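Overview (structure and organization)
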Amino acid sequence: MRSIKGRIERALLTAALIPVLLVSVFAYLTTQDALTQSGIQNTQTQARLLSSGIENTLKYVPGDLFYLRDANSMFEYGRALVINDENTKETLGRYIARDFLSIIKNRHIYNQIRLIGADGKELIRVEHNEQNGSSRVVPLELLHDKATSPHFQAAKSLTFGEYYVSPTDLNREEGKLAQPHQPTIRFATPIFAVGERLVAVLIMNVDANAFIDLIKQSNQHDATQFSLINKEGFYISHSDQSKEWGSVHDLSHGHSFSEDYPELADSITQVTSLSSTESEQSLITSLPVYADTEQQHILGYLIAETPKKVALKLLNTFTIGFVAFILFAAVIGFVFARLLSTSMTAPLRQLTLAADKLSKGEVDTPIEIKSRDEIQFLAEAFERLRESVKLLMRM
């Protein structure tokens, strides 16, 4: 037979714990959502700052390009190309090469500046190695024919005032990947003389490591990881270098963002502004990065991945607190239920004992219960019954 005391204890404990559990679950979910939103906002802030840093690296390139294009020596050199004045070409070529050297040494982001004739043959090329700080004007006998270069072909079809920005890829010389690999993005513009006659194309090769290094330096161990993908979704920069340059134009191993996140790839490469989403394991923020301040030439898409275990790290502390709070509430509830059930059922036990004695003819022990409730009324009724039985037994 189940005791009243046990039922009262279970009822009181249940009544106490249900609100505690509901409040705890609500607090847990609210905290989880707040930490998720905080993690997204923090990742977005970091992504914006890094994106600005990348774009600032390239912000002066169009100005350098047009400065060289509009130099008087370049104008006169173009005229010399038209009339085939070899002496003037040689003299002005030295001036132009000197200007190329000045910019390439002071900017620290260019690895090549080239002037290519309308026929595709290099006229002047200056090279720079940022690692050892060396720069040189390439001898005439080492100049290349770039007639089939897609960058030359794209630039020569432009009109005056326009410029071309290439995809970021690994540089090739004479059809072969340069060794060691040279991540490069190219800015190019046509040179006209004697009206609208195309005489040359000016191409500036920017060392993409200038902004790739910014991305790699921003990566945090076991925290937010940044990567940069091109418009096709291939990695330009990734914390795992083996995943970089998967395009057929580069290392051709095929690894891309779509392999890592097939469900997100299409949406990521179509974003036009800052965007955030979630995968099973990470909070992912993406935004387009542009190669120019007018945002006409897209460089790629910056991806910021923050593991949920990092963003929700504080949730573990809260979870421990919630569990401790629930256990504490259960202990307090149990003690309270025990005390209350004891105080409620003690008079009943006394009354049961008195009734048992009365049923056995023991009528001399008074029934005295002070509970100030219905049980006391019942005890008083039993006391009157005891006195009545005692009186009848004397007759």
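Look up a bit, the structure's there.
Residues numbered from 1 in each chain as written. Predicted model: local features only at pLDDT ≥ 70, side-chain atom pairs only at ≥ 80, totals over all residues. Heavy atoms only, no water.

A look at the overall build of the protein
Regarding its fold elements, the protein presents 11 helices and 14 strands. Residues classed as buried in the protein amount to 43% of the 395 residues present. Taking contacts inside the protein between residues at least 6 apart in sequence as the whole, the part at least 24 apart equals 58%. Per element, the accessible surface of the protein, about 22100 Å² overall, is 56% carbon and sulfur. (Helix = DSSP H or I, 4+ residues; strand = E, 2+ residues; numbered from the N terminus. Buried < 20%, exposed > 50% of the residue type's maximum accessible area, 1.4 Å probe, protein only. Contact = heavy atoms within 4.5 Å. Areas by Shrake-Rupley, 256 points an atom, 1.4 Å probe, with all protein chains shown as cover.)

Quick look at the pattern of salt bridges
Oppositely charged side chains are able to pair whenever their charged atoms sit close together. A complete count under the given rule lists 12 salt bridges for this structure. Across the pair Lys146 and Glu173 runs a salt bridge, and its minimum N-O distance is 3.3 Å. Taken together, the positions of Lys146 in the loop between strand E3 (134-137) and helix H5 (150-156) and Glu173 in strand E6 (residues 172-173) put the pair 27 residues apart, joining distant regions of the chain. With a relative accessible area of 11%, Lys146 lands in the buried category. Taking the shortest distance from any N to any O, the salt bridge between Lys216 and Glu244 comes out at 2.6 Å. Placement of Lys216 in helix H6 (residues 209-218) and of Glu244 in the loop between strand E11 (235-237) and helix H7 (257-260) is noted, with a sequence separation of 28 residues between them. One connected set of salt bridges, linked through shared partners, spans Arg114, Glu122, Arg125, Glu127 and Arg136. (Salt bridge = Lys/Arg side-chain N within 4 Å of Asp/Glu carboxyl O.)

Re the nonpolar core
Core analysis: the biggest nonpolar cluster contains 50 residues, and Phe100, Tyr110, Ile113, Leu115, Phe187, Phe211 and Leu302 have the highest contact counts within it. Here this core takes seven residues from helix H4 (residues 86-107), the largest share from any one element. Apart from residues lying up to four places away in sequence, Phe100 is in contact with Leu68, Met74, Ile113, Arg114, Leu115, Ile124, Val126 and Leu202. (Core = buried A, V, L, I, M, F, W, Y, C linked by side-chain atoms within 4.5 Å.)

Points about the sheet that holds E11
Backbone hydrogen bonds are what pair the strands of a sheet, in a parallel or an antiparallel way. Spatial ordering of the open sheet is given by E11-E10-E14-E13-E12, a layout of five strands whose pairing is antiparallel. In this open sheet, the two edge strands, each paired with only one partner strand, are E11 and strand E12 (275-278). Across the sheet, the mean angle from the axis of one strand to that of its neighbour is 30°, orientation sign disregarded. Here strand E10 (residues 225-229) pairs with strand E14 (residues 298-307) via five bridges, running antiparallel. If you follow Ile229 over to E14, its bridge partner there is Tyr301. Lying over the sheet, H6 contacts E10, E11 and E14, oriented at roughly 155° with respect to E10. (Pairing = 2+ DSSP bridges. Axes fitted to C-alpha atoms, helices over the stretch in contact; angles between N-to-C directions.)

Things to note about the pairing of strand E13 (residues 282-290)
The buried fraction of E13 amounts to nine of the nine residues, a majority that puts the element mostly inside the structure. Residues Ser282, Ile284, Ser286, Pro288 and Tyr290 line one face of E13 and the alternating positions Leu283, Thr285, Leu287 and Val289 line the opposite face, and both faces are buried. Both E12 and E13 contribute to a ladder of four bridges, which runs antiparallel. Counted as the bridge partner of Thr277 is Ile284 from E13. The turn linking E12 back onto E13 is made up of three residues. Bridge count between E13 and E14: nine bridges; the pairing is antiparallel. If you follow Tyr290 over to E14, its bridge partner there is Ile298.

Topic: helix H2 (residues 61-70)
For H2, the complete set of buried residues consists of Val61, Pro62, Asp64, Leu65, Leu68 and Arg69. Along H2, the residues classed as buried sweep out an arc of 160° about the axis, all on the same side. (Arc of directions from axis to C-beta.)

Here we look at the packing of aromatic side chains
For the structure shown, the criterion picks out four aromatic pairs. Relative to Phe187, the ring of Tyr163 has its centre 6.3 Å away and its plane inclined at 20°; by these criteria the two rings are stacked. Here Phe187 lies in strand E8 (residues 183-193) and Tyr163 lies in the loop between H5 and strand E4 (164-165), a separation of 24 residues in the sequence. Centroid distance Phe257 to Tyr261: 5.2 Å. Interplanar angle 35°. Geometry classified as tilted. This pair shows no difference in class: Phe257 is buried, exactly as Tyr261 is. (Phe/Tyr/Trp six-rings, centres within 6.5 Å; stacked < 30°, edge-to-face > 60°.)

A closer look at the packing of helix H3 (residues 72-83) against H4
In the contact formed by H3 and H4, the axes pass within 9 Å of each other and the chain directions differ by 145°. The interaxial crossing formed by H3 with H4 has left-handed handedness. Contacts between H3 and H4 involve Ser73, Met74, Glu76, Tyr77, Ala80 and Leu81 from the first element and Thr88, Lys89, Leu92, Gly93, Tyr95, Ile96, Asp99 and Phe100 from the second. Here the residues of the contact of H3 with H4 sort into eight nonpolar, three polar and three charged. (Left-handed = near helix turned anticlockwise from the far one by under 90°. Nonpolar A, V, L, I, M, F, W, Y, C, P; charged D, E, K, R; others polar.)

Looking at the packing of H2 against H4
Relative orientation of the contacting elements H2 and H4 amounts to 165°, with a least axis distance of 11 Å. For the element pair H2 / H4, the angle class is roughly antiparallel. Of the two elements, H2 crosses H4, and the hand of that crossing is right-handed. Here H2 contributes Asp64, Tyr67 and Leu68 to the contact with H4, which in turn contributes Asp99, Phe100, Ile103 and Arg107. Tallied by class, the residues present in the contact of H2 with H4 amount to four nonpolar, no polar and three charged. (Parallel < 35°, antiparallel > 145°, perpendicular 65-115°, else oblique.)

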